[in-house]
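Remarks on the overall topology
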Amino acid sequence: MNRFRSIATPRTLGLAALIWAALTAVPALAQYDQPFQQGESPELTEKRKKMVKWLGESVKGITPRTLSAFDAVPRHKFMKARDLDIAYDNKWAGIGFGQTITNPWMVAYMTHLLDIQEGMKVLEIGTGSGYQSAIISRLTTQTHTVEVVRALGERAKGLHDNLGYTTNIKHRIGDGYEGWEEHGPYDRIMVTCAADHIPVPLIQQLKPGGLMLIPVGAHFQKGNIYLVTKQPDGSIKRKVVATGTFVPMRRTDLFTKDD
Ligand code: SAH
C-alpha cells in the first residue's frame, strides 16, 4: 500500500494517463482503412475483393481511399445470416423491422459523391444496419448517425462496438428529420431514407460550403437523389444526381418485429 502511494504521485499518474491515451489511440488508427482480417473464410474475403473491384470499375471517379473503406468493412456482418451468400452481390436485403440495407453500388456512389475527407464532421440519417456509417467511419473520425427504430439503432451500435468502430461513431435514437443539433454543424450529411421534402433542420445544420445527399420522393416510389450544396450566404443549390427507391422517412418508431 505504502509503496503504491509513493509511486502514485500526480506526475506519474499524469504520465500513466498519457501512455494509456497513446496506447488506446494506436489500435483505432492502425485499423483505419485496413482490409478486414478478423478470421473469416477465404471465400468471403475473395468475394469482398471482387465487390471492391467492380465498384472501382462501375462508380466513375471513385478514389482508392473510398474503395479501401469497402475492403475494410465486412458487409456480411451487417446482414442476416440467411443472406450470407449474397452479401457481396449488388443487392439490397431485409434487415428486420421492415427496413433494408442499401445495395453496395448505391452506398459506394453516395459515399463517393459526398467526398468525405479526414477529420470532416459527418451526419447520417437512417443508421439501419450500420453498414453505411461503418464505411463513413473509415474515412473520417467524426461520424454521427441517427436511427428512428430503437431496436435497429441499438443493434448497429453493438455491431460497431464489436468491430472496434465506436471511437469514430456517435449513435442517437430519434427522429432524424430534426438532425442532431448538439454536434452540428456538419461538413457532410447523408440521408438514407426518403423524405417528401428536404427537412429545414438538416439545411440549418449543414456548414456553409457543406454537402448533403438526400433522396426525395413519395413512399416506396422511385425518387430523386439530390446533392445539396450550402452557399456561403446560407442559401442552397440542389441538383439531381440519381434516382432510386429508398424506405420512407418516418417520424416515429412503429417497428418492433425483427422479421
Ligand atoms: N444506411 C442504412 C440504410 C437503411 S434504410 C444502411 O446502411 O443499412 C433507411 C433507414 O432509415 C431505416 O433503418 C429506417 O428505419 C431509418 N429511418 C426512417 N425514418 C427515419 C427518421 N425519421 N430518422 C432516422 N432514421 C429513419
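Just above, that's the structure.
The structure presented is a predicted model; accordingly, all values stated were derived computationally and were not measured.

Topic: the site of the ligand
If you check the shell around the ligand, you find 26 residues, and the closest are S129, E147, D175, G176 and R250. Here E124 contributes a side-chain N or O atom positioned 2.9 Å from a nitrogen atom of the ligand. Here a nitrogen atom of the ligand sits 3.3 Å away from a polar atom, N or O, in the main chain of V148. In isolation the ligand offers 580 Å² of accessible surface; the protein chains occlude 99% of this area.

Some words on the packing of helix 3 (residues 42–58) against helix 4 (residues 64–72)
Two elements in contact, helix 3 and helix 4, have axes separated by 9 Å at closest approach and are oriented at 155°. Here helix 3 is positioned roughly antiparallel relative to helix 4, judged by the angle of their axes. Here helix 3 runs over helix 4; the crossing is right-handed. Every residue of helix 4 that contacts helix 3 at R48, K49, M51, V52, L55 and G56 is listed here: L67, F70 and D71. Here the contact of helix 3 with helix 4 is built from residues that sort into five nonpolar, one polar and three charged.

A few points about the sheet that holds strand 7 (residues 206–216)
Reading across from one edge, 5-4-3-6-7-8-9 is the order of the seven strands in this open sheet, with mixed pairing throughout. Among the strands making up the open sheet, the edge pair consists of strand 5 (169–173) and strand 9 (236–244). Going across the sheet, the axis of each strand differs from the next one's by a mean of 15°, ignoring polarity. The pairing of strand 8 (residues 223–230) with strand 9 spans eight bridges and is classified as antiparallel. Of the residues in strand 9, the one forming a bridge with N224 is T243. Strand contacts of helix 7 (residues 150–163): strand 4 (142–147) and strand 5, with the helix running at about 165° to strand 5, the strand carrying the most contacts.

Points about the pattern of salt bridges
Considering all chains together, one arrives at 10 salt bridges under this definition. As a salt-bridge pair, E57 and K53 come within 3.1 Å of each other at their nearest N and O atoms. On the criterion of helical spacing, the pair formed by E57 and K53 is a turn pair, its members being four residues apart in helix 3. Through salt bridges that share partners, D175, E178 and R251 make up one connected network.

Brief notes about the environment of T45
Within the secondary structure, T45 sits in helix 3. Note on T45: relative accessible area 24%, which makes it partly exposed. Measuring from C-alpha to C-alpha, the distance between T45 and P35 comes to 9.2 Å, with 10 residues separating the pair along the chain.

Some words on the side chain of R75
Looking at the element boundaries, R75 is found in the loop between helix 4 and strand 1 (93–96). Buried within the structure, R75 lacks any salt-bridge partner; its nearest side chain of opposite charge belongs to D89, at an N-O separation of 7.7 Å. Within the structure, R75 has its side chain in polar contact with the backbone oxygen of T102 (distance 2.9 Å). Leave out the neighbours within four places in its chain, and R75 touches I86, A87, Y88, D89, K91, W92, I101, T102, N103, P104 and Y131.

What counts and how
Residues numbered from 1 in each chain as written. Predicted model: local features only at pLDDT ≥ 70, side-chain atom pairs only at ≥ 80, totals over all residues. Heavy atoms only, no water. Near = heavy atom within 4 Å. Polar contact = N/O pair within 3.5 Å; in protein donor to acceptor, adjacent residues only side chain to side chain. Areas by Shrake-Rupley, 256 points an atom, 1.4 Å probe, with all protein chains shown as cover. Axes fitted to C-alpha atoms, helices over the stretch in contact; angles between N-to-C directions. Helix = DSSP H or I, 4+ residues; strand = E, 2+ residues; numbered from the N terminus. Parallel < 35°, antiparallel > 145°, perpendicular 65-115°, else oblique. Left-handed = near helix turned anticlockwise from the far one by under 90°. Contact = heavy atoms within 4.5 Å. Nonpolar A, V, L, I, M, F, W, Y, C, P; charged D, E, K, R; others polar. Pairing = 2+ DSSP bridges. Salt bridge = Lys/Arg side-chain N within 4 Å of Asp/Glu carboxyl O. Buried < 20%, exposed > 50% of the residue type's maximum accessible area, 1.4 Å probe, protein only. Lys, Arg positive; Asp, Glu negative; His and termini not counted.

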